[in-house]
Amino acid sequence: MPRTSLYCASHEEDVSLLEEEYRNLKHYGFDVELWDQEKISALFPFSKRAALYTSGDAEVNPYRLVHSLFHSASRQGARVYAHSEFTHCDYDENGVLCYTPHGTVRAKHVIFSTGYETQEIKKDRGAYLQSTYAIATKPLQDLSSWYKQCMIWETERPYLYMRTTPDGRIIAGGLDENRPREEQRAIKAVHKGEILLQKIAEYFPLPDLEVDYAWEAVFGSTHDGLPLIGPHPDYPNSYFVEGYGGNGTVYSMIAASLIVDAITGKQNPDMDLFSLTRTSKPSPV
């Protein structure tokens, strides 16, 4: 579903960052506007010093999207084996031998796109895992104060993001932190859910705001903010797609282009940007 987005400056010192981002986006042809405090206050029940308003964004149902991709690939000749557990692989110069409980698969190349569970196959020193939190409110009677139902997020870190759903709910998330102990996860989800509800109310002081669902999940990032894409010297004839940082859809498209080039023997210098063996300094917090 097409959506617009509003990226708000949480603090005065963030305004210059948004201005620089605006200039870069305009330079490369993106549909973006830089809104000042007066315009934001005229269209929303909250006020921010500045914000970027962008068009051409979208929201998807991830479950339906993934299955649609499977069906599309299947129609083009790919074979899809659901519920087939991968146990381990043997690697050599001729390819990869993949083991399952029911047999083996010999492949010239293997692409691992297993999300954060890739950490169970190999450890990435440049990546780290945190907990993130989200809520869905009960359906609301009136969301007319939410301009064009745009997606909203902010420059604050830990961040906050919000969007609406077709049945009138608000989904909000963020508040990333170090992972709690296993027995604390459910309690943390409830507590963070109440904080997220308060933050929604700061933007939209609606009378019927109430949490319907609250949950906690693992969120992965890298110290330099870039994903990990490409080969690894310890795993011959294999490629990894690790879209750390919450931009998995964008990074997956980049990865698809890079890995196709690599498998077909085309040199692409952009692969070095996302190298699994790169060294980087932690980004400032």
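About the criteria used
Numbering of residues begins from 1 in every chain and follows the order in which that chain's sequence is written. Totals for whole chains, interfaces and linings use all residues, but because this is a predicted model, local features are given only for residues with pLDDT of at least 70 and pairs of side-chain atoms are given and counted only at 80 or more. Calculation of side-chain values draws on the structure's entire complement of heavy atoms; hydrogens and water are dropped beforehand. Helix and strand definitions follow DSSP, with helices as H or I runs of at least four residues and strands as E runs of at least two, each counted in order from the N terminus. Helix span, as expected, comes to 1.5 Å for every residue beyond the first. Only protein chains enter the accessibility calculation, which uses a 1.4 Å probe; a residue whose area is less than 20% of its type maximum is buried, one above 50% is exposed, and one in between is partly exposed. This arc corresponds to the set of directions leading from the helix axis out to the C-beta atoms. Contacts: residue pairs with any heavy atoms within 4.5 Å of one another. Here, strands pair whenever DSSP counts at least two bridges between them. A patch consists of residues whose relative accessible area exceeds 30% and which take part in no salt bridge; residues with like charges are grouped when within 9 Å of each other, and nonpolar side chains (Val, Leu, Ile, Met, Phe, Trp, Tyr) when within 5 Å. Residue exposure ignores everything except the shown protein chains as possible cover, and the areas themselves are Shrake-Rupley values with a 1.4 Å probe. Here, a salt bridge means any side-chain nitrogen of Lys or Arg that lies within 4 Å of a carboxyl oxygen of Asp or Glu. Here, nonpolar core refers to any group of buried Ala, Val, Leu, Ile, Met, Phe, Trp, Tyr and Cys residues whose side-chain atoms link them within 4.5 Å. Lines fitted to the C-alpha atoms define the axes, with helices restricted to the stretch that makes contact. Angles between their N-to-C directions range from 0 to 180 degrees. Only a pair of cysteine sulfur atoms within 2.5 Å qualifies as a disulfide here.

1. Observations concerning helix α4 (residues 185-203)
In a regular helix each residue adds 1.5 Å, so 19 residues correspond to 27 Å; α4 covers 27 Å between its end C-alpha atoms and thus fits that length. For α4, the complete set of buried residues consists of A189, K192, G193, L196, L197, I200 and Y203. Taken down its axis, α4 places every buried residue within 160 degrees of arc, on the same side. Along α4, exposed side chains directed more than 90 degrees from the buried face belong to I187, V190 and E202. In the core, the buried residues of α4 are packed alongside β8 (127-137), β9 (151-154), β10 (160-164), β11 (170-177) and β12 (211-222).

2. Things to note about the pairing of strand β3 (residues 50-58)
In this structure, strand β1 (residues 2-8) lies alongside β3, joined through 6 bridges in antiparallel fashion. Counted as the bridge partner of Y7 is L52 from β3. The pairing of strand β2 (residues 32-36) with β3 spans 5 bridges and is antiparallel. Within β3, the position partnered with E33 by the bridge is Y53.

3. Quick word on a nonpolar patch on the surface
Together, V60, L65 and L69 give the surface a local cluster of nonpolar side chains, amounting to about 260 Å² of exposed area. For V60, the location among the structural elements is in the loop between β3 and α3 (62-75).

4. With respect to the nonpolar core
By size, the foremost hydrophobic cluster in this structure holds 27 residues, and its most contacted members are L6, F44, F46, W146, I152, M162 and F204. The element that contributes the greatest number of residues to this core is α4, accounting for 4 residues.

5. Description of the sheet that holds strand β6 (residues 103-107)
Sheet architecture is open: 3 strands sit in the order β4-β5-β6, paired in antiparallel fashion. At either margin of the open sheet sits one strand with a lone partner, and together these are β4 (88-92) and β6. The mean inter-strand angle of the sheet, taken between neighbouring strand axes irrespective of direction, is 20 degrees. Note: strand β5 (residues 95-100) against β6, 5 bridges, orientation antiparallel. By the bridge assignment for β6, T100 is matched with G103.

6. Regarding the state of the cysteines
When the sulfur atoms of two cysteines share a covalent bond, that bond is a disulfide. Taken as a whole and judged by the stated rule, the model has 0 disulfides. With no disulfide of its own, C89 has C98 as its nearest cysteine by sulfur position, at a separation of 3.5 Å. In this structure C89 comes out as buried when scored by relative accessible area, which is 10%. Take C98: its relative accessible area is 13%, and that puts it in the buried class.

7. Structural notes on the pattern of salt bridges
Here the structure, examined in full by the defined rule, presents 16 salt bridges. A salt bridge links R185 to E216, with the shortest nitrogen-to-oxygen separation between them at 2.6 Å. Of this pair, R185 sits in helix α4 while E216 sits in strand β12, and the two are 31 residues apart along the sequence. For E216, a relative accessible area of 13% translates into the label buried. The shortest N-O distance in the salt bridge between D224 and R278 comes to 2.7 Å. Taken as a pair, D224 in the loop between β12 and β13 (228-232) and R278 in the segment after α5 (248-263) lie far apart in primary sequence, 54 residues in all. Sharing partners across several salt bridges, the network here consists of R3, E59 and R163.

8. Observations concerning the environment of S16
Within the secondary structure, S16 is located in helix α1 (residues 15-27). Separated by 178 residues in the primary sequence, S16 and E194 have C-alpha atoms spaced 32 Å apart.

9. With respect to the sheet that holds strand β14 (residues 235-242)
Here 3 strands make up an open sheet; going across it, the order is β7-β14-β13 and the pairing mixed. Edge positions in the sheet fall to β7 (110-112) and β13, since each has one partner strand and no second. In this sheet, adjacent strand axes meet at a mean angle of 20 degrees when their direction is disregarded. As defined by bridge partners, β7 adjoins β14 across 3 bridges and the pair is classed as parallel. Looking across to β14, one finds that V110 is bridged to S238.

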